[in-house]
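Each chain is listed here by its residues.
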Amino acid sequence: MASEPVNQLHILLIPYLAPGHTIPMIHMAKLFAQRPNVIVTIVTTPLNAIRYGSTLQQHIKSGLSVRFLELPFPATENGLPEGCESLDALPGLHLVTNFTAAVDMLQQRLEQCFDSLNPRPSCMLSDKYLLWTGDTAAKCKIPLVIFDGMSCFKQLCTHHLYVSKVFNDLPKSEPFVLPGLPDRIEITRAQLPTEFNPSRFTMPERLERVRESESRAYGMVINSFEELEQDYVNEFKKLKRGKVWCIGPLSLSKSNDSGKSLRGNSTSSDDQLYLKWLDSKEPGSVVYACFGSISQITPPQLIELGLALEASKSPFIWVIRAGDKAQEVEKWLSENGFENRIKDRGLIIRDWAPQLLILSHPSVGGFLTHCGWNSVLEGVSAGVPMITWPQFTDQFLNEKLVVHVLGIGVGVGAPGVVHWGEEDRLGVTVKSEQVKTAIEKVMDPGSEGNERRKKAKALGMVAKKAIEEGGSSHHNLTLLIQDLLELANVRSQKPLNSNDQKKPAVSCVLAEHILIETNYAGTQSKVAFKVKICKQSHLKILKWT
Ligand SMILES: O=c1ccn([C@@H]2O[C@H](COP(=O)(O)OP(=O)(O)O[C@H]3O[C@H](CO)[C@@H](O)[C@H](O)[C@H]3O)[C@@H](O)[C@H]2O)c(=O)[nH]1
């Protein structure tokens, strides 16, 4: 006899501890919790809960079921400074392995408190870089869905590169055509993502485990929308084992969030100041330059950027991230009189800017970006053309999508990956003249610039529609919730012929075979069922196999 159908979902969201990974999952939490009968618990650490919590407060007050589960972070136990709970807070890259070890220790902490969670979570949705969540989900007998914060374009490129191995014999700077793609895209080996371009900070065995854990998951959630990269979404879905749901752009989950509180160190009075400054500029005239949350741009490259912004004559906002090299840049800014020279048309924001707020201001006409996937989507959503200056990982591929497939950007001509911690050796790689030319092309009032602006604006409208009721991402979220409910119902269903006290639980679902871990007479055993998907969100067990 089947038990009562489950109609409430409790989703455990587990973001990786870096802004580019946590921010989209905070937006995702809002999207889930806005749906009826869905409650969300975000698993994070105390300082991250403070950092991202305030953005959720207004939603929680208005009745949204989102809460944090705070796990103490073993920073000092792993040789990290106290309070270092996020990748962007690392004082040096030599500590990346220590940080990874500390993040891995969260597994045991979560498993220890899992049984006390009420109601019991129905599923786990975790960042793909948290390699232990597959084992934890299996132990807790709930399904795992992976969040991949990168595009389907990147997924498809990576897949074909793995399969074809074309890059193996190529010199670093020789362009080649990416195999198996719907469009002809040329790239060099030096521009490929980390998997194909290891540095001394890469941990190749972990990247291999990322692929393994993806294949164990029930499916994958992507922060993108189908209309943006339709051919790539279709192809990726054909290749992927398990389901794929594009539910983005997640940053549009609530457009009136300024983004200021997503890090907690810029105040609303700062925001007012920036808005006032933007109000004083002509519509579409301002270039906004920002390199995301973890890129370490060398001082010589930052100086080239400063010189290009000055020479371009456009008003600009330039975000300079604090870091170990910031002092050198500050010295250059003051000694050389830069700030004084640009004071009438340039605004420098130190460390962190309310990016969503700035991008959505009508005065912004161009976005100079490192092409982190969140920034690309935020630029697309705001309908703003981009000046692309990628640094590492997926960013060169994102640049190809923006410039060559979507036609809404101009590249500065960055030659290849600047490895973390090895930049100084490479010296200046992009000259201010190149950056200035790209800025001028994007801000150009002539027909080429207009064409790009029109395309960007049109895409921005499609992005907004995708997330609204009736839109593709809105629909995909509905499908995802339905699937998760079906799984929760299977979990609650008793097996045939079983007089057991313990209910079996689904640990993994692939196609129509379900692997169930159950406990018969005290022995762990795995049993496969054949199932049929019925209406009313039920999975019916047809026979044991
Ligand atoms: O001053 C700032 C700087 C950043 N942001 C926000 O921080 C996020 C940054 O994310 P992203 O643009 O993706 O850049 P990274 O922080 O560099 O992201 C890492 O994670 C991404 C998702 O996996 C990858 O695509 C990138 O290559 C990788 O560097 C975005 O939401 C920005 O709006 C701000 O609000 N203010």
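Residues numbered from 1 in each chain as written. Predicted model: local features only at pLDDT ≥ 70, side-chain atom pairs only at ≥ 80, totals over all residues. Heavy atoms only, no water.

## Here we look at the domain arrangement of the protein
Alright, step 1. Along its sequence, the protein is carved into domain 1 (9-254 + 469-493) and domain 2 (270-467).
Alright, step 2. Taking only C-alpha atoms, the centre of domain 1 and the centre of domain 2 are 26 Å apart.
Alright, step 3. Between domain 1 and domain 2, the residue contacts involve 51 residues of the former and 38 residues of the latter.
Alright, step 4. Between domain 1 and domain 2, roughly 3,500 Å² of surface is buried when both sides are summed, and carbon and sulfur atoms account for 68% of that area.
Alright, step 5. For the pair domain 1 and domain 2, the interface holds zero salt bridges.
Alright, step 6. Counting every contact that joins domain 1 to domain 2 gives eight residue pairs in polar contact (both at pLDDT 80 or more).
Alright, step 7. Those elements that place two or more of their residues in the side of domain 1 that touches domain 2 are helix H1 (19-33), helix H6 (152-164), strand E7 (186-187) and helix H19 (472-492).
Alright, step 8. No other element matches H1, which puts six residues into the side of domain 1 that touches domain 2.
Alright, step 9. Grouping the amino acids of the side of domain 1 that touches domain 2 by side-chain chemistry returns 25 nonpolar, 17 polar and nine charged. (Domains from an automatic or database assignment. Contact = heavy atoms within 4.5 Å. Buried area = accessible area lost by both parts, 1.4 Å probe. Salt bridge = Lys/Arg side-chain N within 4 Å of Asp/Glu carboxyl O. Polar contact = N/O pair within 3.5 Å; in protein donor to acceptor, adjacent residues only side chain to side chain. Helix = DSSP H or I, 4+ residues; strand = E, 2+ residues; numbered from the N terminus. Nonpolar A, V, L, I, M, F, W, Y, C, P; charged D, E, K, R; others polar.)

## Some words on the pairing of strand E13 (residues 364-369)
Alright, step 1. Most of E13 is tucked away: six of the six residues are buried.
Alright, step 2. Relative to strand E14 (residues 386-388), E13 runs parallel, the two sharing three bridges. Looking across to E14, one finds that Phe367 is bridged to Met386.
Alright, step 3. Handedness of the E13-helix H14 (residues 373-382)-E14 crossover: right-handed. (Buried < 20%, exposed > 50% of the residue type's maximum accessible area, 1.4 Å probe, protein only. Pairing = 2+ DSSP bridges. Right-handed = clockwise from strand over helix to strand, strands pointing away.)

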